[in-house]
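Structural features, examined
Below are the chains, spelled out letter by letter.
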Amino acid sequence: MPENQPYDQPYDQAAEQEWLASYDPHAYTPVAVTVDVVALTLRQGSLHVLLVERAAPPYQGYWALPGGFLRAGQEGLAEAAARELAEETGLLGTADAEAALSRVHLEQLGSYGAPERDPRMHVVSVAYLAFAPDLPDPQAGTDAAAAAWHPVSSLDLRPAAGHQPAGAPAETHGGGFDGHTGSTVAPGSDGTAPPEPDRPRTPLAFDHATILADGLDRARAKIEYSPLATAFLRHDFTIPELRAVYEAVWDEKLHPGNFHRKVLSVPGFVESTGTTAERGGSRGGPRARNYRSGDAALLHPALLRPAHEDENR
């Protein structure tokens, strides 16, 4: 509806077409839109995030979240996020790859639009949070020098002074996690960045430290009150495997018996498959029962982090 048409008048398509014909989009300062993806998965029992090494300025050589510019007029935001994730993880082109991509949980995380966040121009990024089981070794896209799964516990999400590339903003925004920094070395043969604590380390490019910190906060909170922790697991899983997800995401150990009791006390969280695991536990004993995700959309009562349980007492 044209801006000058009263709401109580019938819609005039011809008048709108005339108005659009005279509309000048160049009258406004151009703004670019990108998508960035916080992709989380479990590898070797620890929480990992997918990062790519930038092959060109700005922030050449820095690790960054996978993402790219929206293909204006060709795709929506969620489509762009799924495309970027598929390109960096190699989930393209085959039926198995498409099936794996369909198991990825993808949700919008937030928007980031500070004028100084990108030295090229005003770029607004819409970030997405993704997690799934058994995501494959990454494959760097055409605009990346390398791609690797990085342990979340190895990353420093705080700004680091003296490492800004030429033309970059003076401040890199960031949160913090464990006081460590991410590896800047090439990925290992298993697609995971090998730890080399003596190597110089750099912060993430742009404001990706803030985006990653927000994504971690979202993931930690959502598995308290929703069944999304099961998205990190295969279709069938055991309660110990589910506990391992919570321990990795929350970064703290949980009491096995208490966790088992709490999970089974939440209606619709998990349901038994009637089968058992192929192998028994490491200490012997009967094989664990297999479960699948139930039909609950929310967990009631919620599975609170131990620190949050203490606060509510």
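Please refer to the structure higher up on the page.
Residues numbered from 1 in each chain as written. Predicted model: local features only at pLDDT ≥ 70, side-chain atom pairs only at ≥ 80, totals over all residues. Heavy atoms only, no water.

A look at the packing of helix α4 (residues 208-225) against helix α5 (residues 239-250)
Rule in force here: To get an axis, fit a line to the C-alpha atoms, keeping to the stretch in contact for a helix; angles then go from 0 to 180 degrees between the N-to-C directions. Note on conventions: DSSP H or I runs of at least 4 residues are helices, E runs of at least 2 residues are strands, and numbering of each starts at the N terminus. The hand of a helix crossing depends on one turn: near helix anticlockwise from the far one by less than a right angle means left-handed, and clockwise means right-handed. Contacts are residue-level and defined by heavy atoms, with any inter-residue pair within 4.5 Å sufficient. Note on residue categories: nonpolar means Ala, Val, Leu, Ile, Met, Phe, Trp, Tyr, Cys or Pro, charged means Asp, Glu, Lys or Arg, and polar means any other residue, Gly included.
It is at 9 Å that the axes of α4 and α5 come closest, and there the two elements cross at 145 degrees. Judged by the twist between their axes, the crossing of α4 over α5 is left-handed. On α5, the residues touching Ala219, Arg220, Ile223 and Glu224 of α4 are Tyr246, Val249 and Trp250. Counted by class, the contact of α4 with α5 contains five nonpolar, no polar and two charged residues.

Observations concerning the packing of aromatic side chains
Counted only if it meets this: By convention, a stacked pair of Phe, Tyr or Trp rings (six-membered ring in the case of Trp) has centres within 6.5 Å and planes under 30 degrees apart, an edge-to-face pair has planes over 60 apart, and any other such pair is tilted. With a 1.4 Å probe rolled over the protein chains alone, any residue whose accessible area is under 20% of its type maximum counts as buried; one over 50% counts as exposed, and the rest are partly exposed.
Scanning all chains against the criterion turns up seven aromatic pairs. Geometrically, the ring pair formed by Tyr59 and Tyr62 is edge-to-face, given 5.3 Å between the ring centres and 70 degrees between the ring planes. Side by side, Tyr59 and Tyr62 carry an identical accessibility label, which is buried. Centre to centre, the rings of Tyr59 and Phe206 are 4.9 Å apart; their planes meet at 55 degrees, and the pair counts as tilted. Of this pair, Tyr59 sits in the loop between β2 (46-54) and β3 (63-64) while Phe206 sits in the loop between β7 (144-151) and α4, placing them 147 residues apart in sequence. Phe206 matches Tyr59 in its accessibility class, with the two residues each being buried. The structure contains a cluster of three or more aromatic residues connected by ring pairs, namely Trp19, Tyr23 and Tyr28.

Notes on the pairing of β2
So the rule is basically this: DSSP calls a pair of strands paired once it identifies at least 2 bridges connecting them.
Within β2, eight of the nine residues are buried, which leaves the element mostly enclosed by the surrounding structure. In this sheet, β2 lies alongside strand β1 (residues 32-43) in antiparallel orientation, the contact comprising four bridges. When the bridges of β2 are listed, Arg43 appears paired with Ser46. Counting the residues between successive antiparallel strands, the hairpin from β1 to β2 contains two residues, one of them, Gln44, with a positive phi of roughly 50 degrees.

Considerations on unusual backbone geometry
Pro58 follows Pro57 through a cis peptide bond whose omega is -5 degrees. Residue His300 is joined to Pro301 through a cis peptide bond whose omega torsion reads 5 degrees. Relative to the assigned elements, Pro301 resides in the loop between β9 (284-293) and α7 (306-312). Even without a glycine there, the phi angle at Tyr59 is positive, about 60 degrees.

Topic: a nonpolar patch on the surface
How we decide: Only residues whose relative accessible area exceeds 30% and that form no salt bridge are eligible for patches; like-charged ones are grouped when within 9 Å, while nonpolar side chains (Val, Leu, Ile, Met, Phe, Trp, Tyr) are grouped when within 5 Å. We get accessible surface area from the Shrake-Rupley algorithm with a probe of 1.4 Å; when it comes to residues, only the shown protein chains can shield them. Just to be clear on terms, a salt bridge is a Lys or Arg side-chain nitrogen sitting within 4 Å of an Asp or Glu carboxyl oxygen.
A contiguous nonpolar patch, built from Trp19, Leu20, Tyr23 and Tyr28 and spanning about 410 Å² of accessible area, is present on the exposed surface. By the secondary structure assignment, Tyr23 is in the loop between α1 (13-21) and β1. Judged by relative accessible area, Tyr23 falls into the partly exposed class, the value being 39%.

Points about the nonpolar core
Heads up, the rule is: Nonpolar cores are built from buried Ala, Val, Leu, Ile, Met, Phe, Trp, Tyr and Cys residues. Side-chain atoms within 4.5 Å join them into one set.
Membership of the largest hydrophobic core comes to 47 residues, with the highest contact counts inside it found for Val38, Leu40, Val49, Leu242, Tyr246 and Phe269. When residues of this core are traced back to their parent elements, those giving at least two are β1, β2, β5 (105-112), β6 (123-131), β7, α4, α5 and α6 (256-265). Not counting chain neighbours up to four residues away, the residues in contact with Tyr246 comprise Ile223, Ser226, Ala229, Asp251, Leu254, Phe259, Phe269, Leu299 and Leu303. With 14 residues, the next largest nonpolar core counts Val37, Ala39, Ala130 and Trp149 among its residues.

A short note on the pattern of salt bridges
Taken as a whole and assessed by the stated rule, the structure comprises twelve salt bridges. Several salt bridges share partner residues, and in doing so they unite Arg71, Glu75, Arg83, Glu84 and Glu87 into one network.

A look at the pairing of β7
Burial within β7 is extensive, with seven of its eight residues counted as buried. In this structure, β2 lies alongside β7, joined through seven bridges in antiparallel fashion. Looking across to β7, one finds that Glu53 is bridged to Ala146.

Details of the packing of α5 against α6
The following threshold applies: Roughly parallel here means an angle under 35 degrees, roughly antiparallel means over 145, roughly perpendicular means 65 to 115, and every remaining angle is called oblique.
As a packed pair, α5 and α6 sit with axes 10 Å apart at the nearest point and diverge in direction by 100 degrees. One element, α5, and the other, α6, form an angle in the roughly perpendicular class. Across the interface between the two elements, Ile239, Leu242, Arg243 and Tyr246 of α5 pack against Pro256, Phe259, His260, Val263 and Leu264 of α6. Taken together, the residues of the contact of α5 with α6 sort by class into seven nonpolar, one polar and one charged.

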